[in-house]
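Here are the chains, one letter per residue:
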Amino acid sequence: MSFRAQLPQQFGNPSTARATLKRSGLAALLAAGVSIFAVPADATVITSATGNCGTGSIASTGTTASQLIIGCAATGSLEVNASSAGNGLTTATAGYTGGSIGLVSGYFTGGNGSVLVNGNGTAGSATLNITRAVEVGFSGGTGSLTVQNGGTAQVTTSGSEITIANSSSTGTATVDGANSLLSSGSRIYVGSFSNAVGSLTVSNGGRVQSTVAPGGFIDGALVIGAASNASGTVTVTGANSVISTNGLIVGDNEAGSTGSLTIQNGGAVNATVLADGTGAGLSIGAASGATVTVTGAGSSLNVAPVTSGFIAGKDFNIGGFAAGTLIVDQSASVNAAGTNVHVSGGVNGTQTGAAGLLTVKNGATLTADTVTIYQNGTLNGTGTIAADVVLNGGTLAPGNSPGTINVLGDLDLLSGNVSLEIGPGISDHFDVSGNVTIGKDVIVTLVFETTPSFDQVFDLESFFTHTGGFDFDPAFNLASQISVSGLAGGSSIFVTADGQRTGFSSPLGVPEPASIAFLLAGLGGLAAMRRRRKAAV
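Residues numbered from 1 in each chain as written. Predicted model: local features only at pLDDT ≥ 70, side-chain atom pairs only at ≥ 80, totals over all residues. Heavy atoms only, no water.

Peer 1: Is there a simple way to explain the overall build of the protein in this structure?
Peer 2: A tally of helices and strands in the protein yields two helices and 44 strands. Counting over 537 residues, the protein shows a buried share of 57%. Long-range contacts, defined here as pairs at least 24 residues apart, represent 75% of the contacts in the protein between residues at least 6 apart. (Helix = DSSP H or I, 4+ residues; strand = E, 2+ residues; numbered from the N terminus. Buried < 20%, exposed > 50% of the residue type's maximum accessible area, 1.4 Å probe, protein only. Contact = heavy atoms within 4.5 Å.)

Peer 1: Help me understand the confidence of the model for the protein in this model?
Peer 2: Detailed reading of the predicted coordinates is not advisable wherever pLDDT is low. Per-residue confidence for the protein averages 84 on the pLDDT scale, and 82% of its residues sit at or above 70. Here residues 1–52 scores under 50 on pLDDT; set against residues more than four positions off or in separate chains, the count is 155 contacts. Segment residues 509–537: pLDDT under 50, and 72 contacts once partners within four positions in sequence are set aside and those in other chains are kept. (pLDDT = per-residue confidence, 0-100.)

Peer 1: For this particular structure, what's the right way to read the nonpolar core?
Peer 2: For soluble globular proteins, the rule of thumb is that nonpolar side chains tend to be buried together. Ranked by size, the top nonpolar core spans 101 residues in total, and within it Leu-301, Leu-326, Leu-366 and Val-371 carry the most contacts. Top contributing element to this core by residue count: strand E38 (residues 436–448), with six residues. Those residues within four positions of Leu-301 in sequence are excluded, and the remaining contacts are Leu-248, Ile-263, Val-269, Leu-282, Val-292, Val-294, Ser-333, Val-334 and Asn-335. Residues Tyr-189, Phe-193, Ile-249 and Ala-280 belong to the second largest nonpolar core, which totals eight residues. (Core = buried A, V, L, I, M, F, W, Y, C linked by side-chain atoms within 4.5 Å.)

Peer 1: Would you mind going over unusual backbone geometry with me for this structure?
Peer 2: Of note in the backbone geometry, Asn-240 takes a positive phi value of approximately 70° without being a glycine. By secondary structure assignment, the location of Asn-240 is in the loop between strand E18 (231–237) and strand E19 (242–245). Even without being a glycine, Asn-376 presents a positive backbone phi close to 70°. With respect to the helices and strands, the residue Asn-376 is situated in the loop between strand E31 (365–374) and strand E32 (377–381). Residue Asn-376 is classed as partly exposed on the basis of its relative accessible area of 23%.

Peer 1: Could you clarify how one ought to interpret the pairing of strand E8 (residues 133–138) in this entry?
Peer 2: Looking along a regular strand, one sees the side chains alternate between the two faces of the sheet. Counted residue by residue, E8 has six buried out of six residues, so it is predominantly covered. Bridge count between strand E5 (residues 101–107) and E8: five bridges; the pairing is parallel. Along E8, the bridge assignment pairs Leu-103 with Val-134. (Pairing = 2+ DSSP bridges.)

Peer 1: I would appreciate a short explanation of the pattern of salt bridges in the present structure.
Peer 2: A pair can form between side chains of opposite charge whenever their charged atoms are brought close. For the structure on display, the rule yields two salt bridges. A salt bridge links Asp-219 to Arg-187, with the shortest nitrogen-to-oxygen separation between them at 3.0 Å. With Asp-219 in the loop between strand E16 (207–210) and strand E17 (222–224) and Arg-187 in the loop between strand E13 (181–184) and strand E14 (188–190), this pair connects stretches of sequence that are 32 residues apart. An identical accessibility class is assigned to Asp-219 and Arg-187; each is buried. Taking the shortest distance from any N to any O, the salt bridge between Lys-440 and Asp-441 comes out at 3.3 Å. Residue Lys-440 is classed as partly exposed on the basis of its relative accessible area of 40%. (Salt bridge = Lys/Arg side-chain N within 4 Å of Asp/Glu carboxyl O.)

Quick look at the structure:
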């Protein structure tokens, strides 16, 4: 078996290497028809098989030096059960060292394998130890792995991964209940090989972890739906339900890829880094769309800054190389202090071919060092961004309908589009704790939901509350940088800003549409303009 040495998707096209069987490993065992099962007689293992899968046998010990193949071109199951109604098998160990795969659940077309690790409520009361990689659904098979009630299923060798749905397979994993644990010695892949459909659910206090020591085979990232025509779905739900990983990759730019991660009801995902400061960071983007949703009070996504390696300082990416969305809702939080969030743009800010969307709303909070919105990127919502926010070619639209977005930091509007909806007695608004700067390449669009009073005056600064300064680029031109939509026929308004005043009107009988397309391809860079008080202006 050869591992898939896949680089983080932010780095470019992912490796297309796929796991393959070597004659000296599983294929040789199957062709020879030798025993591939070695677990106690009271374990539930169905070994009926067809083709070259062999017949298998059951030994009287809970330890084997062979691979465990559950459901090979037929139906099979393995149960490790410490409950009072269990089968007496509380520990099973596959110490296979002859190849890179230690356990397969569901192998070949027609293979349907299930593995259950069921404890009695105490951590580790039922334990499945595998020294090599685990495959849940492999080479056309359908597999499942359930860890519950304090059970533990673990890959004990650093560099050995867990894959939930390998190529052309379906895999499902569930980790449920307090003290239940699924642990990998390397990455965890969920639907991350071609034509795979994988899902992972962590619930009711269950835990999943993937990590590897520095200098090991590969980082311990969680990779979801990152391959051609692959689909991966991960749900973390309930208080104390946690995934801990060395990075998070949701989707890639291979055709047909799609990935989703939902964190809800107090669940958490912690993306840390290795001891040497390296890690995969966070990348959200798939050819057919990738979405991460964090919702509900107590729900959190926690991302540590990468301080060493290629993506150091470029560690949090939404869209850019492929379409990606991050939604933070209903008082949930994304805690990424020290990271730099790119909404579209990719790691270098130049990958703007696919849309990125960041929505923070309904009392939710995102904390970072900076949040930059590049071309084809959008930031909207009614929540709090605890970071400096930089508009560099994308779209900034506070509210979801008129509302306020809070910025705990500076707000630099360099280029792109700012959309401000105005309704009766309410309008979009920015509440900024730092400084506000408006550049010469920004278009501010005023969208009226109803026709305002005749010749009403709107001051651009009134849409901002700010603790620090409020500055315009010296080249700011009100007449060319303000766009107005939603005026009824014959109505007119005035807009003032930076000592300038310009009138806007709609011709009689030619009402303007109530809304316009907001996304403009703005140009410019972070260093194009700074506040007047800075030496560069």
